[in-house]
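Structural overview for review
Now for the letters of each chain:
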Amino acid sequence: MGTKNIAVDGPAGAGKSTIAKAAAQRLGLIYVDTGALYRSIGLFALKNNVGSRDAKGVPALLPRINIEMKYDSNGTQRMFLNSEDVTDAIRTPEASLYASGVSAMAPVRDFLLSTQRDMASKYDVIMDGRDIGTVVLPDADLKVFLTADATVRAERRYRELREKDTDTTFEEVLREIIARDKADSEREVSPLKMADDAVLLDTTALDLDGSISALCDLIMERFSL
């Protein structure tokens, strides 16, 4: 039997990373946060004063970029950009907006596609992002579209940022969530959309533990675990 591949897609702030990571830990799967790959490229563009939508400038940076995913003793994914640990740096609101810009570019997506598919071919993975079920792993064994109301997503992201002492307001976070939704769903390259054969998981009315359990239930049902 081949590897088990679970694709989790959905909009910004839906909790994909947190929920997918926790489900992976419960079920003994490898968690792959593909959004962190795009955030890393966005951060590199930001540090080099290249606009996130600079169609020539961003692709020109790619030969200078080396991204590594590593896992610590707790199984937590750590991101390294040119040997620097940027796990926390890529989570700022500015880095999030940059990620949305660079991820709309075909050269960037092509640059990262083989990295993502290679992980899925070697391991039993839960992989989350914007186009995992539609583009990256179109033959995934289970596809889940994880979403929640924009206001609820903004509240969750705001609490997360405040816990990290990030100086922002709820209104700013909500505006960024709405802007990210618009950019992700309207981009020409791999727009955010629910795959035809995906299962919808709306966590608006669920707390974190309930959301994790709901995803685990879908996985265990699909694979008869």
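As a starting point, this report considers the structure included with it. (Residues numbered from 1 in each chain as written. Predicted model: local features only at pLDDT ≥ 70, side-chain atom pairs only at ≥ 80, totals over all residues. Heavy atoms only, no water.)

A few words now on the overall build of the chain. Assigned secondary structure in the chain consists of nine helices and eight strands. Rg of the C-alpha trace for the chain: 16 Å, near the compact-globule value of 17 Å for 225 residues, within the 12% margin. Principal-axis analysis of the C-alpha atoms gives the chain an extent of 50 × 40 × 35 Å. Long-range pairs, those at least 24 residues apart, make up 73% of the contacts in the chain with a sequence separation of at least 6. Accessible surface, the chain as shown: approximately 10,700 Å² in total, 49% of it carbon and sulfur. Taken together, the 29 basic and 36 acidic charged side chains of the chain have centroids lying 3 Å from each other. (Helix = DSSP H or I, 4+ residues; strand = E, 2+ residues; numbered from the N terminus. Rg over C-alpha atoms; globule rule 2.2 N^0.38 Å. Contact = heavy atoms within 4.5 Å. Areas by Shrake-Rupley, 256 points an atom, 1.4 Å probe, with all protein chains shown as cover. Lys, Arg positive; Asp, Glu negative; His and termini not counted. Charge placed at Lys NZ, Arg CZ, Asp CG, Glu CD.)

A word on the sheet that holds strand β3 (residues 67-71). The strand order across the open sheet built from three strands is β3-β4-β5, with neighbouring strands paired in antiparallel fashion. Both outer strands of the open sheet, β3 and β5 (84-85), are each paired with one neighbouring strand and no more. Across five bridges, the pairing between β3 and strand β4 (residues 77-81) is antiparallel. Paired with Ile67 across the strands is Leu81, a residue of β4. Across the sheet, helix α2 (residues 34-47) touches β3, β4 and β5, and the angle it forms with β4 is around 30°. (Pairing = 2+ DSSP bridges. Axes fitted to C-alpha atoms, helices over the stretch in contact; angles between N-to-C directions.)

Right, let's talk about the packing of aromatic side chains for a bit. Scanning the entire structure with this criterion turns up one aromatic pair. Summarising the aromatic geometry, the rings of Tyr158 and Phe170 are spaced 6.3 Å apart at their centres and angled 80° between planes, so their arrangement reads as edge-to-face. With Tyr158 in helix α7 (residues 150-163) and Phe170 in helix α8 (residues 170-186), this residue pair connects regions lying 12 residues apart in the sequence. Taking the relative accessible area as the measure of exposure, Tyr158 reaches 25% and is therefore partly exposed. (Phe/Tyr/Trp six-rings, centres within 6.5 Å; stacked < 30°, edge-to-face > 60°. Buried < 20%, exposed > 50% of the residue type's maximum accessible area, 1.4 Å probe, protein only.)

In this structure, the largest pocket occupies an estimated 1,000 Å³ of space. Taken together, 44 residues make up the lining of the largest pocket; nearest its centre are Gly15, Ser17, Thr18, Arg91 and Glu160. Of all the secondary-structure elements, those providing two or more residues to the lining of the largest pocket are α1 (16-27), β2 (30-33), α2, β4, β6 (125-129), α7 and α9 (208-223). In terms of residue class, the lining of the largest pocket is built from 12 nonpolar, 12 polar and 20 charged. (1 Å grid on protein atoms, 1.4 Å probe; cavity = no way out; pocket = protein on both sides within 12 Å on 5 of 7 lines; lining within 4 Å. Points joined across faces, edges and corners; volume = space filled by probe spheres on them. Nonpolar A, V, L, I, M, F, W, Y, C, P; charged D, E, K, R; others polar.)

On to the pairing of strand β1 (residues 5-9). Of all five residues in β1, five are buried, a share of seventy percent or more. Residues Asn5, Ala7 and Asp9 line one face of β1 and the alternating positions Ile6 and Val8 line the opposite face, and both faces are buried. The pairing of β1 with β6 spans five bridges and is parallel. By the bridge assignment for β6, Ala7 is matched with Met127.

In this section: the environment of Asp128. Mapped onto the secondary structure, Asp128 falls in strand β6. A C-alpha to C-alpha distance of 4.4 Å links Asp128 and Val8, two positions 120 residues apart in sequence. In this structure Asp128 touches Val8, Lys16, Ser17, Ala20, Tyr31, Val32, Asp33, Thr34 and Gly35, once residues within four positions along its chain are discounted.

The next subject is the pattern of salt bridges. In the structure shown here, the tally under the stated rule is 13 salt bridges. A salt bridge links Asp118 to Lys122; the shortest N-O distance between them is 3.2 Å. Here Asp118 and its partner Lys122 are both found in helix α5 (residues 106-122), four residues apart, which amounts to about one turn of the helix. The residue Lys143 makes a salt bridge to Asp197 at a minimum N-O spacing of 3.1 Å. One end of the pair, Lys143, is in strand β7 (residues 142-147); the other, Asp197, is in the loop between α8 and β8 (199-202), and 54 residues separate them in sequence. When salt bridges that share partners are traced, they join Arg130, Arg180, Asp184 and Arg187 into one network. (Salt bridge = Lys/Arg side-chain N within 4 Å of Asp/Glu carboxyl O.)

Right, let's talk about the side chain of Thr87 for a bit. As for its position among the elements, Thr87 is in the loop between β5 and α4 (93-102). Overall, the relative accessible area of 13% leaves Thr87 in the buried class. A polar side-chain atom of Thr87 sits 2.9 Å from the main-chain amide nitrogen of Met79. Side-chain polar atoms of Thr87 contact the side chain of Asp85, separated by 2.7 Å. Sequence-distant contacts of Thr87, that is, excluding residues within four places in its chain, are made with Gln77, Arg78 and Met79. (Polar contact = N/O pair within 3.5 Å; in protein donor to acceptor, adjacent residues only side chain to side chain.)

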